[in-house]
Amino acid sequence: LAKTTQPISMDSYEGQEVNITCSHNNIATNDYITWYQQFPSQGPRFIIQGYKTKVTNEVASLFIPADRKSSTLSLPRVSLSDTAVYYCLVGDTYTGFQKLVFGTGTRLLVSP
Amino acid sequence: SQTIHQWPATLVQPVGSPLSLECTVEGTSNPNLYWYRQAAGRGLQLLFYSVGIGQISSEVPQNLSASRPQDRQFILSSKKLLLSDSGFYLCAQYLRSGTGANTEAFFGQGTRLTVV
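Residues numbered from 1 in each chain as written. Chains lettered and ligands numbered in written order. Predicted model: local features only at pLDDT ≥ 70, side-chain atom pairs only at ≥ 80, totals over all residues. Heavy atoms only, no water.

S.K.: Can you walk me through the overall build of chain B in this structure?
M.R.: If you tally the helices and strands in chain B, you get zero helices and eleven strands. Secondary structure elements of chain B occur, N-terminal to C-terminal, as β-β-β-β-β-β-β-β-β-β-β. Computed over the C-alpha atoms, the radius of gyration of chain B is 14 Å, within 12% of the 13 Å expected from 2.2 N^0.38 for a compact globule of 116 residues. Overall size of chain B, expressed as C-alpha extent along the three principal axes, is 45 × 30 × 25 Å. Within chain B, the fraction of its 116 residues that count as buried is 50%. Total accessible area computed for chain B in this model is approximately 5300 Å², and 53% of it derives from carbon and sulfur atoms. (Helix = DSSP H or I, 4+ residues; strand = E, 2+ residues; numbered from the N terminus. Rg over C-alpha atoms; globule rule 2.2 N^0.38 Å. Buried < 20%, exposed > 50% of the residue type's maximum accessible area, 1.4 Å probe, protein only. Areas by Shrake-Rupley, 256 points an atom, 1.4 Å probe, with all protein chains shown as cover.)

S.K.: Explain the nonpolar core to me, please; I cannot follow it from the model alone.
M.R.: Here is a general trend for soluble globular proteins: nonpolar side chains tend to be buried in one another's company. Formed by 21 residues in total, the largest nonpolar core has its most connected members in I33(A), W35(A), I47(A), L73(A), L75(A) and Y86(A). Of all elements in the fold, only β2 (18-23), β3 (31-38), β4 (45-50), β6 (61-64), β7 (70-75), β8 (84-92) and β9 (106-111) of chain A reach the threshold of two or more residues within this core. Counting residues per element, this core draws most heavily on β8(A), at four residues. Sequence-distant contacts of I33(A), defined by excluding residues within four places in its chain, comprise H24(A), I27(A), I48(A), Q49(A), G50(A), L62(A), I64(A), S71(A), C88(A), L89(A) and V90(A). With 19 residues, the next largest nonpolar core counts C23(B), W35(B), L47(B) and L76(B) among its residues. (Core = buried A, V, L, I, M, F, W, Y, C linked by side-chain atoms within 4.5 Å. Contact = heavy atoms within 4.5 Å.)

S.K.: Which parts of the structure should I look at to understand the side chain of Q49(A)?
M.R.: Note on placement: Q49(A) falls in strand β4. A polar contact is formed between the side chain of Q49(A) and the side chain of T34(A), at a distance of 2.8 Å. (Polar contact = N/O pair within 3.5 Å; in protein donor to acceptor, adjacent residues only side chain to side chain.)

S.K.: Looking at this structure, how should I read the state of the cysteines?
M.R.: Each disulfide consists of one covalent bond between the sulfur atoms belonging to two cysteines. Residue and element names in this part refer to chain A. What the rule picks out here adds up to two disulfides over all chains. C22 shares a disulfide with C88; S-S distance 2.2 Å. Judged by the sign of its S-S torsion, about -80°, the cystine formed by C22 and C88 is left-handed. Of this pair, C22 sits in strand β2 while C88 is found in strand β8, placing the two residues 66 residues apart along the sequence. Note on C22: relative accessible area 0%, which makes it buried. The buried category is assigned to C88, whose relative accessible area is 1%. (Disulfide = S-S within 2.5 Å.)

S.K.: Would you explain the pattern of salt bridges in this entry?
M.R.: A pair can form between side chains of opposite charge whenever their charged atoms are brought close. Residues and elements named next belong to chain B. The final tally for this structure, using the stated rule, is two salt bridges over all chains. Taking the shortest distance from any N to any O, the salt bridge between R37 and D85 comes out at 3.3 Å. Of the two residues, R37 is situated in strand β4 (residues 32-38) and D85 in the loop between β8 (73-78) and β9 (87-94); the sequence distance between them amounts to 48 residues. A relative accessible area of 1% places D85 in the buried class. One salt bridge connects D71 with R68, and the closest N-O pair in it is separated by 3.2 Å. Just as D71 is buried, R68 falls in that class too. (Salt bridge = Lys/Arg side-chain N within 4 Å of Asp/Glu carboxyl O.)

Next up, the structure:
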């Protein structure tokens, strides 16, 4: 699995756009990039997954440059309920992310 | 959807006592299964994972063990708990994808274990 590096923490205010970047310099050709969100005392939950360019769903966008060595999770107009830890994972979904190792994640704090 | 049953939700055990946490999953057969532990304010530590019945890979050598007696059952055990075993234990399943797109991990609700 490709090693990932994320900022340990980020602060924001309600209504702002938040961008969290993940570095994965050793990403392999077959690897997908997946982001998870975790609230206290809950398991992580899937946010978004992508391979290249841009992916958007109802909660977030994922931007992946052409070299795929990094990715950026974009949360539009955050609210207090977006305060959570965000994890970036990189791996080959065909082999099932066998080890499924989560990094330290980015702790996002949204203030009023 | 994938459902994971994990129990109990909370558990208080004395040092030196045994432990058995059970996780059962519903949905597609032959999922990858995982046990994680999370200490307060820390990240997810992968303890064990299994790609099939009877197949267990250990990530952290310690006094814990895991077993997978059935395709959709994953058990975490200890013969003698230590204070350092306290934490939030999560079971997860990940479905292999033949197409390589839009696959995700699903987590149970977790067990908060306090060793006293």
